[in-house]
There are 2 protein chains.
Amino acid sequence: MGADYLAGPQGLLRSINARAVLDVIDREGPIGRPEITRATGLSKTTVAQALRELITRKVVTEAGTDTTRRGPAATLYQIDPGCALGLGVDIGHLRIRAAVVDAVGEVLAQAETRAPRRQAAATAAAVTALAAECAERAGTELGAIGQAVIGVPAVVGRDGHTIRRAYGLPQGGKGLVEAIERDLPVPLILENDVNLAAIAEQRFGACADVGDFVLLGVGVGLGAGVVLGGRLHRGFAGGAGEVGFLPHPATELGTEVLGARRIAEQAREAGIGGTPSPRELFVRARAGDEKALAVVDATARRIAHVAASIALVIEPELFVLGGGVGASADLLLGRVRHHLARDAAPLPITIIPSGVPEDAVLRGAAWLARHHAREHAFAAATGAGRPYDTDPAGQPRGSRKGDTT
Amino acid sequence: MGADYLAGPQGLLRSINARAVLDVIDREGPIGRPEITRATGLSKTTVAQALRELITRKVVTEAGTDTTRRGPAATLYQIDPGCALGLGVDIGHLRIRAAVVDAVGEVLAQAETRAPRRQAAATAAAVTALAAECAERAGTELGAIGQAVIGVPAVVGRDGHTIRRAYGLPQGGKGLVEAIERDLPVPLILENDVNLAAIAEQRFGACADVGDFVLLGVGVGLGAGVVLGGRLHRGFAGGAGEVGFLPHPATELGTEVLGARRIAEQAREAGIGGTPSPRELFVRARAGDEKALAVVDATARRIAHVAASIALVIEPELFVLGGGVGASADLLLGRVRHHLARDAAPLPITIIPSGVPEDAVLRGAAWLARHHAREHAFAAATGAGRPYDTDPAGQPRGSRKGDTT
DNA sequence: CAGTAGGTCGGAAACTTTCCTACTTGAGGT
DNA sequence: ACCTCAAGTAGGAAAGTTTCCGACCTACTG
């Protein structure tokens with residue numbers, strides 16, 4: 001319980017150096033020993049010792065030789081892909097998807113199924129079934145997976161186990177988490193879906209080197225994934241980024257600014273009959289339908305307002321337009337920028353389309369699961385884990401037991 | 001340019017341990033050697049060695065003895081107050097204040113003067129004169145001060161040297177920074193005044209153990225100091241927290257939500273003649289003046305809206321009401337809470353009065369200056385500085401030359 | 001007398017330097 | 001075309017240095 005001042009015996013130095021070697025190998029892909037020596041600044045003796053240790057601990061493996069230079073071939077080293085497996089799950093409105101990835105990010109298996117609409121228990125069963133299927137297809141078993149991350153359309157508490165405002169889940173998600181935790185023998189945490197999309201954007205998309213950005217997820221509702229200083233900002237109770245209810249000149253506080261429901265309502269107001277789906281509306285707009293275009297423009301205006309509000313609070317470097325409706329960036333983006341220029345000219349707002357058009361939530365979940373699984377394996381292998389915290393997404397792997405330490 | 005992987009020789013371990021000892025001494029005040037041993041987990045041999053080094057480096061001094069236990073008296077150690085001096089300056093609308101603090105936070109000297117209204121050059125001269133006066137009264141000279149932090153009513157860029165939107169400064173602050181940097185022989189950075197108030201709140205006020213909070217500074221304008229994860233969030237270009245322009249049901253984007261100007265306008269609308277100052281208005285309201293109370297209530301409503309908007313974006317643990325008008329918390333707070341409960345009931349918003357009623361900006365500036373000066377001195381003394389970054393306020397001490405590395 | 005503070009010494013752990021061997025390439029000579 | 005040798009590289013081992021820790025010792029105070 002005592003505060004940790006990070007002081008210790010020589011063993012600490014060994015941990016630090018082992019971790020440094022591991023990080024270099026992770027970052028520079030297959031890499032030879034002399035280069036590791038250069039990159040870390042350590043002596044080759046120390047690097048050799050660390051490598052021996054990491055190999056016996058099974059987090060690093062040899063990966064062929066490098067014969068580009070003259071002289072004897074240098075042995076190459078890489079992260080052992082099998083040292084940590086992650087399971088990502090995306091519980092969407094229509095489908096549930098799952099994927100198993102290895103320690104280097106390779107997708108070993110992926111599967112999906114239709115989302116049950118009525119019973120939370122059915123959703124839980126679908127998740128565990130998908131997970132089992134993925135594990136089998138990946139040639140492993142669930143017990144070997146180090147971490148599972150499940151993306152849900154809900155606010156997830158800091159502990160990663162409690163959900164609120166799960167309007168998009170059967171029975172409001174009641175009992176869902178408990179059922180999955182009971183039946184899935186994998187350390188598990190939940191995460192808000194838009195947050196995971198933001199992580200995907202950071203790792204695979206347009207925000208690789210952007211420290212502060214906000215992903216605007218326009219789907220059934222409007223949400224934002226807030227990344228500050230390279231790490232996801234969840235808020236005190238996980239409710240950061242719930243920007244769908246931001247005040248707006250045309251709405252009172254507490255009214256949803258945007259989302260499928262809101263778009264449908266606007267369609268009615270615009271005199272469009274038959275309550276078409278947002279997808280249908282965008283198809284019509286792309287075809288030139290004036291009324292549909294008006295709805296799109298209104299949507300863009302609201303997005304611009306939300307972005308401006310966010311910018312005034314945290315001033316991110318970049319906004320990214322993502323989510324289901326966000327995929328229609330070709331139609332929306334120009335109009336959003338137009339409204340920004342008109343109504344919020346002095347604000348330095350840059351907004352770009354998502355760089356992860358497909359499966360953003362699933363990929364983010366898989367990435368996060370892989371990250372936590374790796375962190376755990378690396379910490380075990382290097383003896384202490386990284387004392388200097390660079391964890392991009394906080395929060396360690398949740399246990400299955402509710403240990404409220 | 002190469003990425004730094006924090007690996008190194010045994011000397012690194014020495015640095016780490018020296019830093020750990022230093023941190024314990026800093027935190028636990030005068031403390032004996034055996035207790036340092038317990039707190040750090042190091043052996044007494046190592047602690048003794050580290051102490052010798054820190055004392056010869058002049059960052060630690062002996063501070064009497066502890067005779068509470070039986071046996072020989074234990075020597076006590078403390079941070080050498082003189083090892084780092086900081087200069088804090090608050091350039092306010094009416095007054096300019098400055099203070100010199102030592103490494104343990106003791107205020108050695110403080111001075112103030114009326115703020116020039118016309119010329120930025122006069123403001124700069126006033127600042128340097130105040131600084132010189134403070135240094136002299138503190139029994140030192142400007143060259144001995146390790147860091148100066150100047151709080152300004154403006155947006156300050158990440159470099160700590162460029163200011164924008166300095167409406168509250170003579171000539172919009174044009175040439176101010178350059179003049180001060182030319183004449184003040186101290187490493188210097190600027191900081192937004194509300195941000196400094198937030199730091200004061202974190203260090204001396206109500207938010208000592210709160211990781212995420214927002215200080216709402218209600219003064220001539222409305223600004224927010226955003227602290228996330230224990231560190232100030234400045235935004236990409238230093239513009240985070242400019243919440244005075246947040247959209248609001250009654251205002252268009254780009255209109256100032258709140259501030260002295262706005263309050264005066266509301267007073268006119270409420271039928272109050274003579275354009276009283278906000279301070280006067282609050283005096284009347286406290287006396288029971290109905291019209292003044294109406295203005296106060298409208299102000300509270302706007303604060304509530306701004307807080308709700310911020311909460312939807314970042315969901316801080318706590319809001320603090322500060323700034324000039326914020327000092328009238330007794331009148332405002334209840335009404336703000338009322339409006340929050342009515343309009344933003346589902347949001348978990350806690351708002352409390354400031355715990356730093358006096359000189360918040362100045363104290364924050366002094367704290368930050370002291371912090372940077374200390375960090376510099378400690379890094380020099382321990383050989384490497386802290387590799388594990390816990391810096392609460394980012395950004396090292398700016399140089400006087402504009403080195404855009 | 002017992003418990004505590006502080007110092008010293010030898011041992012253990014970890015990193016670095018230096019030296020050595022083995023291997024591959026490429027240039028130049030036969 | 002083949003051989004030889006110099007240069008450059010990879011890997012390993014031994015000696016040396018730095019740092020930390022445990023144990024022992026002395027001195028002091030209730």
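Because the structure is predicted, anything quoted here is derived from the model rather than measured. (Residues numbered from 1 in each chain as written. Chains lettered and ligands numbered in written order. Predicted model: local features only at pLDDT ≥ 70, side-chain atom pairs only at ≥ 80, totals over all residues. Heavy atoms only, no water.)

Details of the overall build of chain A
A tally of helices and strands in chain A yields 12 helices and 15 strands. By the burial criterion, 56% of the 405 residues in chain A qualify as buried. Considering only contacts within chain A whose residues lie at least 6 apart along the sequence, 63% involve residues at least 24 apart. Accessible area for chain A stands at about 17,100 Å²; split by element, carbon and sulfur atoms hold 51% of it. (Helix = DSSP H or I, 4+ residues; strand = E, 2+ residues; numbered from the N terminus. Buried < 20%, exposed > 50% of the residue type's maximum accessible area, 1.4 Å probe, protein only. Contact = heavy atoms within 4.5 Å. Areas by Shrake-Rupley, 256 points an atom, 1.4 Å probe, with all protein chains shown as cover.)

Here we look at the pattern of salt bridges
All names here are of chain A. As enumerated under the stated definition, the model contains 32 salt bridges over all chains in all. Residue Asp66 pairs with Arg69 through a salt bridge whose shortest N-O separation is 3.1 Å. Since its relative accessible area comes to 48%, Arg69 is described here as partly exposed. Taking the shortest distance from any N to any O, the salt bridge between Arg165 and Glu242 comes out at 3.8 Å. Placement of the pair is Arg165 in the loop between strand E9 (163–164) and helix H5 (176–183) and Glu242 in the loop between strand E13 (231–232) and helix H7 (260–269), with a sequence separation of 77 residues. Residue Arg165 is classed as partly exposed on the basis of its relative accessible area, which comes to 24%. Three or more residues joined by partner-sharing salt bridges are found here, namely Arg19, Asp23 and Glu375. (Salt bridge = Lys/Arg side-chain N within 4 Å of Asp/Glu carboxyl O.)

Brief notes about the protein's contact with DNA strand D
Taken together, 26 residues lie around DNA strand D, and Arg33, Gly71 and Pro72 of chain A together with Arg14 and Thr46 of chain B are the ones closest in. Backbone atoms, meaning sugar and phosphate, form 61% of the atoms of DNA strand D found within 4 Å of the protein. One of the side-chain nitrogen or oxygen atoms of Lys44 of chain A is found 2.8 Å away from a base oxygen of DNA strand D. Taken together, the elements giving at least two residues each to the surface near DNA strand D come down to helix H2 (33–40), helix H3 (44–56) and strand E3 (74–79) of chain A together with helix H1 (10–28) and helix H3 (44–56) of chain B. If you tally residues by element for the surface near DNA strand D, the top one is H1 of chain B, at five residues. Residue composition of the surface near DNA strand D, grouped by class: eight nonpolar, 12 polar and six charged. (Near = heavy atom within 4 Å. Polar contact = N/O pair within 3.5 Å; in protein donor to acceptor, adjacent residues only side chain to side chain. Nonpolar A, V, L, I, M, F, W, Y, C, P; charged D, E, K, R; others polar.)

Observations regarding the confidence of the model for chain A
Residues and elements named next belong to chain A. Averaged over every residue, the pLDDT of chain A is 86; residues scoring 70 or more account for 88%. Taken together, the stretch residues 1–5 has pLDDT below 50 and engages in eight contacts with residues farther than four places along the chain or on a different chain. A low-confidence stretch, residues 399–405 (pLDDT under 50), is modelled with seven contacts involving residues beyond four sequence positions or located in other chains. (pLDDT = per-residue confidence, 0-100.)

Quick word on the side chain of Asp102 of chain B
All names here are of chain B. By secondary structure assignment, the location of Asp102 is in the loop between strand E5 (95–101) and strand E6 (107–114). Although Asp102 is buried, it makes no salt bridge; Arg370 carries the closest opposite charge, 6.0 Å away. A distance of 3.0 Å separates a polar side-chain atom of Asp102 from the backbone nitrogen of Val104. (Lys, Arg positive; Asp, Glu negative; His and termini not counted.)

Considering the pairing of E6 of chain B
Put simply, side chains in a regular strand alternate between the two faces of the sheet. Bridging between E5 of chain B and E6 of chain B involves seven bridges; their strand directions are antiparallel. Looking at the pairing, Ile96 of chain B lines up with Thr113 of chain B of E6 of chain B. (Pairing = 2+ DSSP bridges.)

Focus on H5 of chain A
Of the positions making up H5 of chain A, those classed as buried are Leu176, Val177, Ala179, Ile180 and Glu181 of chain A. Those residues of H5 of chain A that are buried lie in contact with strand E4 (86–91), helix H4 (120–137), strand E7 (147–152), E9 and strand E10 (188–192) of chain A.

As for the interface of chain B and chain A
The accessible area lost on association of the parts is a frequent measure of interface size. Taken together, the 60 residues of chain B in the interface contact 60 residues of chain A. Summing both sides of the interface, chain B and chain A together bury roughly 4,500 Å²; the carbon and sulfur share of this comes to 64%. Along the contact surface separating chain B from chain A lie zero salt bridges. For the pair chain B and chain A, the number of links is 16 residue pairs in polar contact (both at pLDDT 80 or more). Elements supplying a minimum of two residues to the side of chain B that touches chain A: H1, helix H2 (33–40), strand E12 (222–228) and helix H9 (290–314) of chain B. Sort the elements by how many residues they give to the side of chain B that touches chain A and H1 of chain B lands first, with 10 residues. When its residues are assigned to classes, the side of chain B that touches chain A shows 33 nonpolar, 13 polar and 14 charged. (Buried area = accessible area lost by both parts, 1.4 Å probe.)

Brief notes about the sheet that holds E7 of chain A
Residue and element names in this part refer to chain A. What the five strands build is an open sheet, ordered E6-E5-E4-E7-E10; its pairing is mixed. Every interior strand has two partners, whereas the edge strands, strand E6 (107–114) and E10, have only one. The sheet shows a mean angle of 15 degrees between the axes of neighbouring strands, taken without regard to direction. Against the sheet, helix H6 (residues 193–204) contacts E7 and E10, and its axis sits at roughly 90 degrees relative to E10. (Axes fitted to C-alpha atoms, helices over the stretch in contact; angles between N-to-C directions.)

Some words on unusual backbone geometry
Residues and elements named next belong to chain A. For Lys58, which is not glycine, the phi dihedral falls at a positive 70 degrees. Tracing the backbone shows Lys58 in the loop between H3 and strand E2 (60–66). A relative accessible area of 59% means that Lys58 is categorised as exposed. The backbone of Gln171 shows a phi angle near 55 degrees, a positive value even though the residue is not glycine.

Things to note about the protein's contact with DNA strand C
Around DNA strand C lies a shell of 25 residues, among which Ser43 and Thr46 of chain A together with Arg33, Arg70 and Pro72 of chain B are the nearest. In this structure, a base oxygen belonging to DNA strand C sits 3.5 Å away from a main-chain N or O atom of Pro72 of chain A. When contributions to the surface near DNA strand C are tallied by element, the ones reaching two or more residues are helix H1 (10–28) and H3 of chain A together with H2, H3 and strand E3 (74–79) of chain B. Per element, the largest residue contribution to the surface near DNA strand C is five residues, and it comes from H1 of chain A.

Some details on the packing of helix H8 (residues 278–287) of chain A against helix H11 (residues 329–343) of chain A
Residues and elements named next belong to chain A. Direction vectors running N to C along H8 and H11 enclose 75 degrees, while the axes themselves pass 10 Å from each other. It follows from the interaxial angle that H8 and H11 lie roughly perpendicular. Contacts from Phe282, Ala285 and Arg286 in H8 reach Asp330, Leu331 and Leu332 in H11. (Parallel < 35°, antiparallel > 145°, perpendicular 65-115°, else oblique.)

A look at the relation of the copies chain B and chain A
Mapping chain B onto chain A calls for a screw motion: a turn of 180 degrees about the axis and a shift of 0.1 Å along it, with 0.1 Å RMSD after fitting. Both copies of the chain, as the preceding transformation shows, are related through a two-fold rotation axis. A shared interface surface links the copies, since 100% of the contact residues of chain B are contact residues in chain A too. (Least-squares fit on C-alpha atoms with pLDDT ≥ 70 in both.)

A look at the packing of aromatic side chains
Taken as a whole, this structure holds zero aromatic pairs over all chains when the rule is applied. Arg363 of chain B extends its terminal NZ or CZ atom over the ring of Phe204 of chain B, reaching a point 4.3 Å from the ring centre. (Phe/Tyr/Trp six-rings, centres within 6.5 Å; stacked < 30°, edge-to-face > 60°. Lys NZ or Arg CZ within 6 Å of the ring centre and 35° of its normal.)

Section: the environment of Ala73 of chain B
Residues and elements named next belong to chain B. Looking at the secondary structure, you find Ala73 in the loop between strand E2 (60–66) and E3. Spatially, the C-alpha atom of Ala73 lies 9.5 Å from that of Gly32, the residues being 41 residues apart in sequence. Ala73 has contacts with Thr65, Asp66 and Thr67, leaving out every residue within four places of it along the chain.

Some details on the sheet that holds strand E7 (residues 147–152) of chain B
All names here are of chain B. Read across the open sheet, the five strands follow the order E6-E5-E4-E7-E10; overall the sheet is mixed. Two strands lie at the open edges of the sheet, namely E6 and strand E10 (188–192), each paired on one side alone. Strand-to-strand twist across the sheet, computed as the mean angle between neighbouring axes with direction ignored, equals 15 degrees. Strand direction decides the pairing type here: strand E4 (residues 86–91) and E5, joined by six bridges, are antiparallel. Residue pairing in the sheet places Asp90 in a bridge with Arg97 of E5. Contacting E4, E5, E6 and E7, helix H4 (residues 120–137) crosses the sheet at an angle of about 150 degrees to E6. Those strands touched by helix H12 (residues 360–382) are E4, E5, E6, E7 and E10, and its axis lies near 150 degrees from that of E4.

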